[in-house]
Amino acid sequence: MPRTNEFCDYVADRLAPLGTVTYRFMFGGYSIYLDGLVIAIVADDTLLLRADEENRGAYEERGIGPFQPFPDKPASTMPFYQVPGDVFGGQDELVRWPRLSRAATLRHEA
């Protein structure tokens, strides 16, 4: 039976205008898929979106660094960044940021 998570259900509902959103439990957290592409992860009920050189600056300008699941191991840094709190306030912003993450995922897979 698939594992479910209330926060992931909430995220999936909010991202539904972008396409088909699913999630899967992996390695102690969840991977969020948009039309089959991993665009985000959820760790401890925190949404982290994929970033690359083209959209990373938006996070860094807000003082947000990359996700580091094991802070004592710098090599564990992942290209996912916590979504700024104000992004959840409006549907337009909550659609724009994941759209940029989908583009980063597509660039990564190219």
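Reading the values: rules and limits
- Residues numbered from 1 in each chain as written.
- Predicted model: local features only at pLDDT ≥ 70, side-chain atom pairs only at ≥ 80, totals over all residues.
- Heavy atoms only, no water.
- Core = buried A, V, L, I, M, F, W, Y, C linked by side-chain atoms within 4.5 Å.
- Buried < 20%, exposed > 50% of the residue type's maximum accessible area, 1.4 Å probe, protein only.
- Helix = DSSP H or I, 4+ residues; strand = E, 2+ residues; numbered from the N terminus.
- Contact = heavy atoms within 4.5 Å.
- Pairing = 2+ DSSP bridges.
- Axes fitted to C-alpha atoms, helices over the stretch in contact; angles between N-to-C directions.
- 1 Å grid on protein atoms, 1.4 Å probe; cavity = no way out; pocket = protein on both sides within 12 Å on 5 of 7 lines; lining within 4 Å.
- Points joined across faces, edges and corners; volume = space filled by probe spheres on them.
- Nonpolar A, V, L, I, M, F, W, Y, C, P; charged D, E, K, R; others polar.
- Polar contact = N/O pair within 3.5 Å; in protein donor to acceptor, adjacent residues only side chain to side chain.

## As for the nonpolar core
Now for step 1: With 26 residues, the main nonpolar core has L15, I32, V42, L47 and Y59 as its most contacted residues.
Now for step 2: Contributing elements (two or more residues each) for this core: α1 (6-15), β1 (21-26), β2 (29-34), β3 (37-43), β4 (46-50) and α3 (91-109).
Now for step 3: Sort the elements by how many residues they give to this core and α1 lands first, with 5 residues.
Now for step 4: Ignoring any residue separated from it by four or fewer positions in sequence, one finds V42 in contact with F7, C8, G29, Y30, I32 and L47.

## Looking at unusual backbone geometry
Now for step 1: At D35, a residue that is not glycine, the phi angle is positive and equals roughly 50°.
Now for step 2: Summarising the element assignment, D35 is placed in the loop between β2 and β3.
Now for step 3: Judged by its relative accessible area of 43%, D35 is partly exposed.
Now for step 4: The phi dihedral of D44 is positive, around 50°, even though this residue is not glycine.
Now for step 5: Inspection of the secondary structure assignment puts D44 in the loop between β3 and β4.
Now for step 6: Judged by its relative accessible area of 78%, D44 is exposed.

## Let's talk about the environment of D45
Now for step 1: Structurally, D45 can be placed in the loop between β3 and β4.
Now for step 2: Through-space distance from the C-alpha of D45 to that of E6 is 8.9 Å; in sequence the pair is 39 residues apart.
Now for step 3: When residues no more than four places from it in sequence are discounted, the contact partners of D45 are N5 and F7.

## Details of the sheet that holds β4
Sheet strands pair by backbone hydrogen bonding; their relative direction is either parallel or antiparallel.
Now for step 1: Pairing in this open sheet of 6 strands is antiparallel, and the strands run β1-β2-β3-β4-β6-β5 from one edge to the other. The outermost strands of the open sheet, each flanked by one partner alone, are β1 and β5 (66-67).
Now for step 2: In terms of strand pairing, β4 meets strand β6 (residues 78-82) through 3 bridges, oriented antiparallel. Bridge pairing links L48 to Q82 in β6.
Now for step 3: On the sheet, α1 packs against β1, β2, β3 and β4 and is oriented at approximately 155° with respect to β1.

## Side note on the layout of surface pockets
Where empty space is left in the structure can be found by rolling a water-sized probe over the atoms.
Now for step 1: The space that makes up the largest pocket amounts to roughly 340 Å³.
Now for step 2: Along the wall of the largest pocket there are 16 residues; nearest its centre are M26, F27, G29, I41 and M78.
Now for step 3: Elements supplying a minimum of two residues to the lining of the largest pocket: β2, β3 and β6.
Now for step 4: Among the elements that make up the lining of the largest pocket, the one with the highest residue count is β3 (4 residues).
Now for step 5: Each residue belonging to the lining of the largest pocket can be placed in one class, and the counts come to 12 nonpolar, 3 polar and 1 charged.

## Some details on the side chain of N5
Now for step 1: In this structure, N5 sits in the segment before α1.
Now for step 2: The class of N5 is buried, set by a relative accessible area of 15%.
Now for step 3: Polar contacts involving the side chain of N5 include one to the main-chain amide nitrogen of C8, which spans 2.8 Å.
Now for step 4: Excluding anything up to four places from it in sequence, N5 contacts Y23, Y30 and D45.

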